[in-house]
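# Breakdown of the fold
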Amino acid sequence: MSHISEVLVVGAGPAGSSVAYYLSCLGVRVHVIEKAKFPRDKICGDGLTPRAVTELVRMGIDISDHKQWPRNYGIRAYGAGHTIEVPWPELSSMPNYGLAKRRKELDHLLIQRAVSAGATLDEETVVTAPILHERTGCVIGVKARKKTTKEEVSYYARLIVDAGGVAARLATSLGRVQNQSRPMGVAHRTYIKSPLAATDMMESQLELWEGKAGQSAIAPGYGWAWPVSDSVVNVGLGSLSSHGAPKGMDYRSMFATWMENAPKEWEFTEENQLEPLRGAALPMGFNRKPLYERGLLLVGDAGGMVSPFNGEGIAYALQSGRVAADIIAQALSRTSTVAFQKTLEEYPKFMKNELGGYYTMGRIFAYLIEKPVVMQACVKYGLPRPMLMRLVMKLLSDAYDKNGGDWMDRLIATLAKVVPGA
Ligand SMILES: Cc1cc2nc3c(=O)[nH]c(=O)nc-3n(C[C@H](O)[C@H](O)[C@H](O)COP(=O)(O)OP(=O)(O)OC[C@H]3O[C@@H](n4cnc5c(N)ncnc54)[C@H](O)[C@@H]3O)c2cc1C
């Protein structure tokens, strides 16, 4: 059996749903293939910064119900004996709040949005290999296996988009492997029933102790906790390496120690833990390139677009899908193959221009803070300085006005422009 469309999207996470949604809005025939069946879970912190909220609003997602979409108004950070609260900045380009939404619900909403705009979807269909043009070697389709019937299906399209997440099976099989000199994170999370769910801040633990708080060594990682409903918080911890994945860390014992050290009133007990701790990798700073070559275009985690500053990937997955859709629709309007290819080659350039400088700064950040001495010094001397922390907040969450804004926005925008793009 075979199937033909204009654009084929592999993976229906935020990146795949975004590209499918925007392409459908532009009248392009787009087909999405997803190995899971919705609603499906994805290991994630479920945190949506103002940048991600902006992308959701662009896609017409209704976020007005505060009960369904718990809002947070900033970050409460703990470290070196200090507790500080930094509100999300007031900007013209983004709202002054973030959200949290379980991925089981968020991803389902996003793919429904794409389908209601006109995209078609095959669930429970695993893409197994690319189909290449005999003479040019360009990707012209994919082979897939239906999970329920075991049937083998071939799909063909003028363009294939790999939105398959960190594994990026298609890109990998074509030799587009992860660049080990780019930063990589590893994070684990679970859900806990906790009174902390009443907070409207994102709690961030900048010091994870190996043993008793204040009396043991500091482990190279950070922790988070924020509400996803009025009784449940998403709790997790992550670590970062400036190149390749962080190795040799016992996340389970780190997590158990953090649970013990957390304030007792949060009730982070085993009985209140609702799911096992589960983890996954975070590919950062464009660690897989080129983002377009020979008929295959990469969006989201497949292109390594998680921010090295804060581990956020949803906003960039949505953004890359939006940008890609615009360029793909332009390419499809060209009348020659040369012009089609040339237009698609604009996508990597555009993404580099948008995020390359910022990701280069993120790589420097990752290199510095993976050294515990530097991290401890930053926490000790940085946290008590409110003005500095407001600047750090804008930088780490990519929440600044690119045009105009205050001196902090202009400083970050200038730095992102002058450093070479990742
Ligand atoms: C523990 C953890 C915490 C995180 N916390 C946050 C956070 O709080 N905020 C944030 O913004 N980001 C967070 N991230 C990062 C975020 O989860 C990712 O950046 C985001 O999911 C990327 O979206 P995507 O669409 O590119 O990929 P994914 O969400 O991974 O979607 C890929 C899709 O492709 C499908 N697929 C894969 N292979 C195939 C195949 N062969 N055939 C068919 N379908 C396939 C998958 O089933 C999946 O549905 C976190 C990550 C981890 C691991």
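Residues numbered from 1 in each chain as written. Predicted model: local features only at pLDDT ≥ 70, side-chain atom pairs only at ≥ 80, totals over all residues. Heavy atoms only, no water.

Let us now look at the nonpolar core. Among the nonpolar cores identified, the biggest contains 86 residues, and Leu297, Ile328 and Tyr347 are the most heavily contacted of them. Of all the elements, helix α6 (residues 314-332) adds the most residues to this core, at 13 residues. When near neighbours in sequence (up to four residues on either side) are disregarded, Tyr347 contacts Leu291, Leu297, Leu298, Val299, Met305, Ser320, Val323, Ala324 and Ile327. Within the second largest apolar cluster, 22 residues are counted, among which are Ala77, Trp88, Met202 and Met393. (Core = buried A, V, L, I, M, F, W, Y, C linked by side-chain atoms within 4.5 Å. Buried < 20%, exposed > 50% of the residue type's maximum accessible area, 1.4 Å probe, protein only. Helix = DSSP H or I, 4+ residues; strand = E, 2+ residues; numbered from the N terminus. Contact = heavy atoms within 4.5 Å.)

It is worth spelling out the pairing of strand β9 (residues 125-132) at this point. Remark: a regular strand shows side chains that alternate across the two faces of the sheet. Pairing analysis gives seven bridges linking β9 to strand β10 (residues 139-146), with the strands arranged antiparallel. Residue pairing in the sheet places Val126 in a bridge with Arg145 of β10. Counted between consecutive antiparallel strands, the loop separating β9 from β10 contains six residues, among which Gly137 sits at a positive phi close to 80 degrees. (Pairing = 2+ DSSP bridges.)

A word on a positive patch on the surface. A cluster of basic residues, Lys35, Arg145, Lys147, Lys150 and Arg169, forms a positive patch at the surface. Mapped onto the elements of the fold, Arg145 is located in strand β10. For Arg145, a relative accessible area of 32% corresponds to the partly exposed category. (Patch = residues over 30% accessible without salt bridge, like charges linked within 9 Å, V, L, I, M, F, W, Y side chains within 5 Å. Areas by Shrake-Rupley, 256 points an atom, 1.4 Å probe, with all protein chains shown as cover. Salt bridge = Lys/Arg side-chain N within 4 Å of Asp/Glu carboxyl O. Lys, Arg positive; Asp, Glu negative; His and termini not counted. Charge placed at Lys NZ, Arg CZ, Asp CG, Glu CD.)

Our focus in this paragraph is the pattern of salt bridges. Using the criterion set out here, one finds 15 salt bridges in the structure. For Asp107, the salt bridge goes to Arg40, with nearest N and O atoms at 2.9 Å. On the criterion of sequence distance, the pair formed by Asp107 in helix α3 (residues 103-117) and Arg40 in the loop between β2 (30-33) and β3 (47-48) is long-range, its members being 67 residues apart. According to the relative accessible area criterion, Arg40 is buried, its value standing at 13%. Across the pair Arg58 and Glu55 runs a salt bridge, and its minimum N-O distance is 3.1 Å. Here Glu55 and Arg58 lie together in helix α2 (residues 50-58), a separation of three residues that amounts to about one turn. Classification of Arg58 as partly exposed rests on a relative accessible area of 45%. Among the residues examined, Glu55 registers a relative accessible area of 3% and is labelled buried. A single network of salt bridges, built from pairs that share partners, joins Arg40, Arg103 and Asp107.

This part covers the domain arrangement of the protein chain. Domain boundaries in the protein chain define domain 1 (2-71 + 98-180 + 284-371) and domain 2 (184-283). Distance from the C-alpha centre of domain 1 to the C-alpha centre of domain 2: 28 Å. Taken residue by residue, the interface counts 31 residues in domain 1 and 26 residues in domain 2. Across the interface of domain 1 and domain 2, roughly 2,200 Å² is buried in total on both sides, 56% from carbon and sulfur atoms. On the domain 1 side of the interface with domain 2, the three residues burying the most area are Ile43, Arg102 and Met284, jointly 28% of the side's total. At the surface where domain 1 touches domain 2, the tally comes to two salt bridges. Between Asp41 and Arg189 there is a salt bridge, with the nearest N and O atoms lying 3.2 Å from each other. (Domains from an automatic or database assignment. Buried area = accessible area lost by both parts, 1.4 Å probe.)

As a further point, take a nonpolar patch on the surface. Where nonpolar side chains cluster on the molecular surface, the patch consists of Met387, Trp407, Leu411, Leu415 and Val418 and spans about 480 Å² of accessible area. Among the elements that take part in the nonpolar patch, helix α11 (residues 407-418) stands out by supplying four residues, more than any other. Tracing the backbone shows Met387 in helix α10 (residues 386-396).

This next bit is on the site of the ligand. Lining the immediate environment of the ligand, one finds 37 residues, of which Glu34, Arg40, Gly45, Gly47 and Asp301 sit closest. Lys35 is positioned such that a nitrogen or oxygen atom in its backbone is 3.1 Å from a nitrogen atom of the ligand. Arg103 is positioned such that a nitrogen or oxygen atom in its side chain is 2.9 Å from an oxygen atom of the ligand. In isolation the ligand exposes 1,000 Å². Once the protein is present, 94% of that is buried. When residues of the shell around the ligand are traced back to their parent elements, those giving at least two are α1 (14-25), β9, β12 (184-193), β16 (222-227), β18 (278-283) and α6. A per-element tally of the shell around the ligand places β9 first, with three residues. Counting contributing residues, the shell around the ligand receives three or more from each of domain 1 (2-71 + 98-180 + 284-371) and domain 2 (184-283). (Near = heavy atom within 4 Å. Polar contact = N/O pair within 3.5 Å; in protein donor to acceptor, adjacent residues only side chain to side chain.)

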